[in-house]
Amino acid sequence: MRHRRIALLSSPTSYRTPAFLAAAERLKLEVIHIVDTPEALAREWRRPEAIDFSQSEAAAARIVELVRERPVDAVVPVDDSATLLAALVASRLGLPHNDPDAALAARDKLRMRERLHAHGVPVPRFRPYPAAIDPRSIAQEIEYPCVVKPTLLSGSRGVIRADHPSEFVAAFERVRRIIASDGGDLERAVILVERFVPGFEVALEGLLTEGQLQVLALFDKPDPLDGPFFEETIYVTPSRLTETTQKAVAECAGRAAAALGLRTGPIHAELRVNDQGPWLIEVAGRSIGGLCSTILEFGTGMTLEELILTHAIGEPITSFERRGEAVGVMMIPIPRSGILRRVEGIEEARTVPGILGIEITAKLNHPLVPLPEGASYLGFIFARARTPAEVEEALRAAHRQLVFRITPEIRLQPVTAMRP
Ligand code: ADP
Ligand code: CA
């Protein structure tokens, strides 16, 4: 095989980067690793690979310039922050790419709902409201139960269920504060309100080739996700849904990708299934997040990232079959806010049969912020066993061994006039 080179685009802190770099090394691909860096820092560093992704047009032009001398076979985004830029760059280089518009729609929940609805993909009834509106003035017209959410955040941040008008008013105001604390402009921001879709949730990991979807793994999320907040916890594959339902899920995810205009590369879709069939919650033009991909292996031992990179450079893939037994991962939820002092029981948890590993990713002596405001997990537990049920049980048993010592955070308040 001739010498191959890729441009890998990532944020500076993505959990996903090491897995992609390791995959490139095993595949003997040379990597130009381009890292999202705020303009001021990028100028100071003068490293050509430090580029501000938020200025997507200028960033695309710089990357095209950068690879002129060192041509690449593919432009691979590691996470959501890079999908738009990767699409822009690949289109200018004449490489297979997603429509930049599709990359945008996959990141903006309102655009996504509009496109999916327009293409007949089953989505809950939805309506955008200006973030600045007084929620009391609309609380009576909402259909309950509903879900209130920001359009541009991720990781379930700010996603809140409300069952009646007073919960709605509180949820709306809370989402507004979350958008503001994230730097959003409340005069222009939109808050999405949609019907709550009851049902069982799954996540589909897939790979698109010229618009055709190949399912790589379908994960069940066996913990009920009924709100008011929607913390991700357990993912287990293979799915325990019937063949027929799994087919319907895959078909729905494929239609959703097509509706958005995603045509190439990985997708990660979330769907809910109830007696009316699958409903599309979200589809992203990237692979599964966090450290979750660690548990996946394909064909003769390829990692998910090796599969994605092989596909990106247009090499044939010998097998999309997932190898081995049932596997699962638990994203360890944050039980309460405070300062994480210590984690006990890790050794005991590791000895639970079926447990492959435990990674605590939260930093000790740092504040923990639970949902809906927070944006991270305590860490990950990985498991493998004969059946999905055994995987789920192993994850729960290991989690029960863990004790998180969290002390209250003492916030220093600015002194204001004391009341008499
Ligand atoms: P994010 O991009 O932050 O992950 P999502 O829209 O995917 O936001 O919502 C996060 C989770 O909240 C979903 O995985 C699902 O469990 C729940 N959720 C979101 N919208 C709905 C809805 N309309 N009905 C039921 N559950 C929902
Ligand atoms: Ca989601």
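Being a predicted model, the structure only gives us computed values, none of them experimental.

Participant: Looking at this structure, how should I read the packing of aromatic side chains?
Facilitator: Given two aromatic rings, one states the distance between the centres and the angle between the planes to describe the pair. This structure, assessed with the given rule, holds seven aromatic pairs. With centroids separated by 5.8 Å and ring planes inclined at 90 degrees, the aromatic side chains of Tyr15 and Phe380 adopt a geometry described as edge-to-face. Separated by 365 residues along the polypeptide, Tyr15 in the loop between β1 (4-10) and α1 (17-26) and Phe380 in strand β18 (residues 379-385) bring together distant segments of the chain. On the basis of relative accessibility, which here comes to 35%, the residue Tyr15 falls in the partly exposed class. With a centroid separation of 5.8 Å and an interplanar angle of 75 degrees, the aromatic rings of Tyr377 and Phe380 are classed as edge-to-face. Clustering of aromatic rings is evident, with ring pairs tying together Tyr15, Tyr377, Phe380 and Phe382.

Participant: How should I be thinking about the environment of Asp275 in this particular structure?
Facilitator: Within the secondary structure, Asp275 is located in the loop between β12 (265-274) and β13 (277-284). With a relative accessible area of 78%, Asp275 lands in the exposed category. Once the C-alpha coordinates of Asp275 and Gly199 are considered, the two residues, 76 residues apart in sequence, prove to be 8.2 Å apart.

Participant: Explain the sheet that holds strand β17 (residues 367-368) to me, please; I cannot follow it from the model alone.
Facilitator: Strands pair in a sheet through their backbones, by hydrogen bonds, and they do so in one of two ways: parallel or antiparallel. Across the sheet, three strands lie side by side as β17-β15-β19; this open sheet has antiparallel pairing. Of all the strands in the sheet, the pair left with one neighbour each is β17 and β19 (403-407). The sheet contact formed by strand β15 (residues 338-344) and β17 spans two bridges and is antiparallel. Looking across to β17, one finds that Ile339 is bridged to Pro367.

Participant: What is the right way to read the site of ligand 1 from this model?
Facilitator: Taken together, 21 residues lie near ligand 1, and Lys109, Lys149, Ser156, Val197 and Glu201 sit nearest. Ser156 is positioned with one of its backbone polar atoms (N or O) 2.6 Å from an oxygen atom of ligand 1. Between ligand 1 and the protein, one listed contact pairs an oxygen atom with a side-chain N or O atom of Glu270 at 3.2 Å. Protein chains shield 97% of the accessible area of ligand 1, which is 540 Å² for the free molecule. Here the shell around ligand 1 is composed, by residue class, of nine nonpolar, three polar and nine charged.

Participant: Is there a simple way to explain the domain arrangement of the protein in this structure?
Facilitator: Much of the literature gives interface size as the accessible area that the parts lose upon coming together. Assigned domains of the protein: these are domain 1 (5-104), domain 2 (125-195) and domain 3 (325-410). The distance between the C-alpha centroids of domain 1 and domain 2 comes to 33 Å.

Participant: Honestly, the nonpolar core in this entry has me stumped. Any pointers?
Facilitator: Among soluble globular proteins, nonpolar side chains are generally buried collectively. Within the largest apolar cluster, 34 residues are counted, with the highest numbers of intra-cluster contacts made by Phe219, Leu309 and Phe380. Sorting the residues of this core by element identifies β1, α1, β4 (74-77), β9 (200-209), β10 (212-221), α9 (304-312), β14 (326-332) and β18 as the ones contributing at least two each. Sorting elements by how many residues they give to this core places α9 first, with four residues. With near-sequence residues (within four places) excluded, Leu309 lies in contact with Ile6, Phe20, Ala23, Ala24, Leu27, Leu29 and Val76.

Participant: What is the right way to look at the environment of Val327 in this model?
Facilitator: Following the sequence through the fold, Val327 ends up in strand β14. A relative accessible area of 3% means that Val327 is categorised as buried. When the C-alpha positions of Val327 and Val123 are compared, they lie 29 Å apart, and in sequence the two are 204 residues distant.

The rules behind the values
- Residues numbered from 1 in each chain as written.
- Chains lettered and ligands numbered in written order.
- Predicted model: local features only at pLDDT ≥ 70, side-chain atom pairs only at ≥ 80, totals over all residues.
- Heavy atoms only, no water.
- Phe/Tyr/Trp six-rings, centres within 6.5 Å; stacked < 30°, edge-to-face > 60°.
- Helix = DSSP H or I, 4+ residues; strand = E, 2+ residues; numbered from the N terminus.
- Buried < 20%, exposed > 50% of the residue type's maximum accessible area, 1.4 Å probe, protein only.
- Pairing = 2+ DSSP bridges.
- Near = heavy atom within 4 Å.
- Polar contact = N/O pair within 3.5 Å; in protein donor to acceptor, adjacent residues only side chain to side chain.
- Areas by Shrake-Rupley, 256 points an atom, 1.4 Å probe, with all protein chains shown as cover.
- Nonpolar A, V, L, I, M, F, W, Y, C, P; charged D, E, K, R; others polar.
- Domains from an automatic or database assignment.
- Core = buried A, V, L, I, M, F, W, Y, C linked by side-chain atoms within 4.5 Å.
- Contact = heavy atoms within 4.5 Å.

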